[in-house]
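Observations on the three-dimensional arrangement
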Amino acid sequence: MGTEISLSDVRGLIGMETGLSDWITVDQTMIDAFAGATDDHQFIHVDPERAAAESPFGGTIAHGFLTLSLLSAMNYNCLPKVREQTMGINYGFDRVRFMTPVKSGARVRGRFLLSDARFRGGGMLMTTYDVTIEIENEKKPALTAKWITIIQFDPKDRPEEV
């Protein structure tokens, strides 16, 4: 995928994979920082010895919401930039499924398929991505979701054909 596209190009990408991010290592330092930020200190996330002894995972795992939050970094890493965009807005998720736990030390990456793009109002393009976060050397993904974002732009830049 090219590094920059125009607003008029976006709708032509519907149904296509538009990005595959670089791998991100989810280590214990990242997990601990997330636990601190969210006040979620459950032992399966922050206590490697206890998690190894008492959980079915063999050690600590990332919070599901930590894995989900990595989509922002993955987005910036791999999706084409829209030339006319003035701001991006996270609109939310229609469906999130946590399929496989991400073990501490694992590498994950995001795969983005553009499933919809609709102009709203004078200066917004709402996009929907089918996203998958893959775990290196695992058959099942960490999660799947429908992610809705808004590309904000100056209304004078709206393509004439829409």
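Residues numbered from 1 in each chain as written. Predicted model: local features only at pLDDT ≥ 70, side-chain atom pairs only at ≥ 80, totals over all residues. Heavy atoms only, no water.

The name recorded for the protein in an unreviewed UniProt entry is Acyl dehydratase, from Rhizobium binae.

1. Regarding the pattern of salt bridges
Under the definition given, this model contains nine salt bridges. The shortest N-O distance in the salt bridge between arginine 83 and glutamate 4 comes to 2.8 Å. Separated by 79 residues along the polypeptide, arginine 83 in the loop between strand 4 (81-82) and strand 5 (85-98) and glutamate 4 in strand 1 (residues 4-5) bring together distant segments of the chain. Salt-bridge contacts for glutamate 136 lead to arginine 107; the nearest nitrogen and oxygen are separated by 2.8 Å. In this pair, glutamate 136 is assigned in the loop between strand 7 (124-135) and strand 8 (143-153) and arginine 107 in strand 6 (residues 106-120), connecting sequence segments 29 residues apart. Each of the salt bridges in this network shares a partner with another, and the network as a whole consists of Glu17, Arg109, Arg111 and Glu134. (Salt bridge = Lys/Arg side-chain N within 4 Å of Asp/Glu carboxyl O. Helix = DSSP H or I, 4+ residues; strand = E, 2+ residues; numbered from the N terminus.)

2. Side note on the UniProt feature "domain: MaoC-like" (unreviewed entry) in the protein
Summarizing the sequence annotation, UniProt attributes the feature "domain: MaoC-like" (unreviewed entry) to residues 13-121 in the numbering used throughout. Helix makes up 33% of residues 13-121 and strand 35%. Its end C-alpha atoms lie 21 Å apart. (UniProt positions renumbered as here; feature names shortened; annotations may be inferred.)

3. Regarding the layout of surface pockets
As a volume, the largest pocket reaches approximately 420 Å³. Lining the largest pocket are 22 residues, with Asn75, Gln85, Gly88, Thr149 and Ile151 sitting closest to its centre. Class assignment of the residues belonging to the lining of the largest pocket gives a composition of 13 nonpolar, eight polar and one charged. (1 Å grid on protein atoms, 1.4 Å probe; cavity = no way out; pocket = protein on both sides within 12 Å on 5 of 7 lines; lining within 4 Å. Points joined across faces, edges and corners; volume = space filled by probe spheres on them. Nonpolar A, V, L, I, M, F, W, Y, C, P; charged D, E, K, R; others polar.)

4. Thoughts on helix 2 (residues 28-38)
Those residues of helix 2 lying buried are Gln28, Ile31, Phe34 and Ala35. Buried residues in helix 2, looked at end-on, bunch into an arc of 125°, giving them a common side. Exposed residues pointing more than 90 degrees away from the buried face of helix 2 are listed as Thr29, Ala33 and Ala37. Those residues of helix 2 hidden inside the fold are in contact with strand 3 (24-26), helix 3 (43-46), helix 4 (48-54) and helix 5 (64-69). The positive-phi residue at the C-terminal boundary of helix 2 is aspartate 39, with phi of around 60°. (Buried < 20%, exposed > 50% of the residue type's maximum accessible area, 1.4 Å probe, protein only. Arc of directions from axis to C-beta. Contact = heavy atoms within 4.5 Å.)

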